[in-house]
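# Observations on the model geometry
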Amino acid sequence: MPHPQAKVHRMFELVEPIATVTFSEVPNEEFLALGMRNYWDGYFAGRAAPLRLAPAGVVHAVFYNFADGEVARHIPWVWGKTTPEEAIAVRERGSAAALRQMIGELADSPGLVRVTDLATRAAVSAPTEGRALYAGLRALDVPEEPVARLWHAATLLREHRGDGHNAALVAHGIGGTEAHVLLALSLEMRAEEFGRIHHLPKAQLAAVVDGLRGRGLVDAAGGFTDAGRETRERIEALTDELAAPAYDVLSTDELDELVAGLEPIAAAVKAVDD
């Protein structure tokens, strides 16, 4: 029997803060030490490394939601400073160090290994078809050290869901920048206020919003229409549905145990971020 969608979505909420420690200060400093010019060089080197030396156009397609030209400012430049293999190692080392720092005593708690084992079982069990970034991560060795392995498992689960989210966006005809606009509106922010797109030229962002308005998803004031809100809700529901196969390997009791075990870890990471 498939697990309830609410439980699958809860796993997303718990996995996300654990996986995204990779975008925090400790890993960033590791990449700057390699000669990266800024945060985004390290971001693209670390996240694109499992795709090896894929050109900027391929990375842009896989990552989906960056504006045209943003990836090309970093790929392939970063590969003149490091290799994918080194970037993978630096990302893992920095992320594990950041996670250990954020969760404190939980890193050495008796239950961490059990939670990590459950998360890893799920993370390496999902289908790879149509999941380019997840498949690239699946080809990597799973770390042995428990904190590093937990981060790796969380990253696998995050990117598996992310690949599915991109498929859901494509199915609904929503482009990458449009997806950011809809996310901003769901957070009750205007598109031009949202961090991931506020830097775009005003005319470019206005054209994206106008396109959504023309499709009946955004109203005259720049907010959601009912159709826009319903579209985003359908996308999120489909994303959860596509993420669910990762957890089929776990029984109901095991998934409940995993959720309970991840909750204090995710809370500790979020407390640092807050």
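Along each chain, the written sequence defines residue order, and numbers are assigned to residues from 1. Under the rules for a predicted model, residues below a pLDDT of 70 receive no local features and side-chain atom pairs below 80 are neither given nor counted, while totals for whole chains, interfaces and linings still include all residues. To get the side-chain values, all heavy atoms of the structure are used, and hydrogens and water are removed first.

### Some thoughts on the side chain of threonine 120
- Strands are runs of DSSP state E lasting at least two residues, helices are runs of H or I lasting at least four, and both sets are numbered from the N terminus onward. Assignment of secondary structure puts threonine 120 in helix α6 (residues 112–123).
- For each residue, the accessible area found with a 1.4 Å probe, counting protein chains only, is set against the maximum for its type, and the residue is called buried under 20%, exposed over 50%, and partly exposed in between. According to the relative accessible area criterion, threonine 120 is buried, its value standing at 13%.
- Whenever a nitrogen or oxygen atom comes within 3.5 Å of another N or O atom, the pair is scored as a polar contact, on the condition that within protein one atom can donate a hydrogen and the other can accept it, and that pairs from neighbouring residues in sequence are kept only if both atoms are in side chains. A polar contact of 2.7 Å, which involves the side chain of threonine 120, links it to the backbone oxygen of threonine 116.
- Ignoring sequence-local partners within four residues, the contact set of threonine 120 consists of Val142, Arg149 and Ala153. Note on contacts: a residue pair is in contact if any heavy atoms of the two residues lie within 4.5 Å.

### A look at helix α1 (residues 5–19)
- Working rule for helices: expected span equals 1.5 Å times residues minus one. If you check α1, its first and last C-alpha atoms are 21 Å apart, about what 15 residues at 1.5 Å a residue would give, namely 21 Å.
- Where α1 is buried, its residues meet α5 (84–103), α8 (146–171), α11 (226–243) and α12 (252–273).

### Here we look at unusual backbone geometry
- A cis geometry characterises the amide bond from isoleucine 75 onward to proline 76, with omega recorded as 15°.
- Among the structural elements, proline 76 can be located in the loop between α4 (56–63) and α5.
- In the Ramachandran plot, tyrosine 64 falls in the positive-phi region, its phi being about 75° despite a non-glycine side chain.
- Within the secondary structure layout, tyrosine 64 lies in the loop between α4 and α5.
- For glutamate 188, which is not a glycine, the phi torsion comes out positive at approximately 60°.
- Within the secondary structure, glutamate 188 sits in the loop between α9 (176–186) and α10 (202–214).
- The exposed category is assigned to glutamate 188, whose relative accessible area is 76%.

### Quick look at the packing of α6 against α12
- Every axis corresponds to a line fitted to the C-alpha atoms, with the helix fit spanning only the stretch in contact, and the corresponding angles, defined between N-to-C directions, vary from 0 to 180 degrees. Interaxial distance between α6 and α12 falls to 9 Å at its minimum, and their mutual angle equals 120°. Classified by the interaxial angle, the pair formed by α6 and α12 is oblique. Considering only the axes of α6 and α12, their crossing is left-handed. The segment α6 lies against α12, with Leu112, Arg114, Val115, Leu118, Ala119 and Arg121 engaging Glu254, Glu257, Leu258, Gly261, Leu262 and Ile265. For classification purposes, an angle smaller than 35 degrees is called roughly parallel, one larger than 145 roughly antiparallel, one from 65 to 115 roughly perpendicular, and anything else oblique. Less than a right angle of anticlockwise turn of the near helix away from the far helix marks a crossing as left-handed, whereas a clockwise turn marks it as right-handed.

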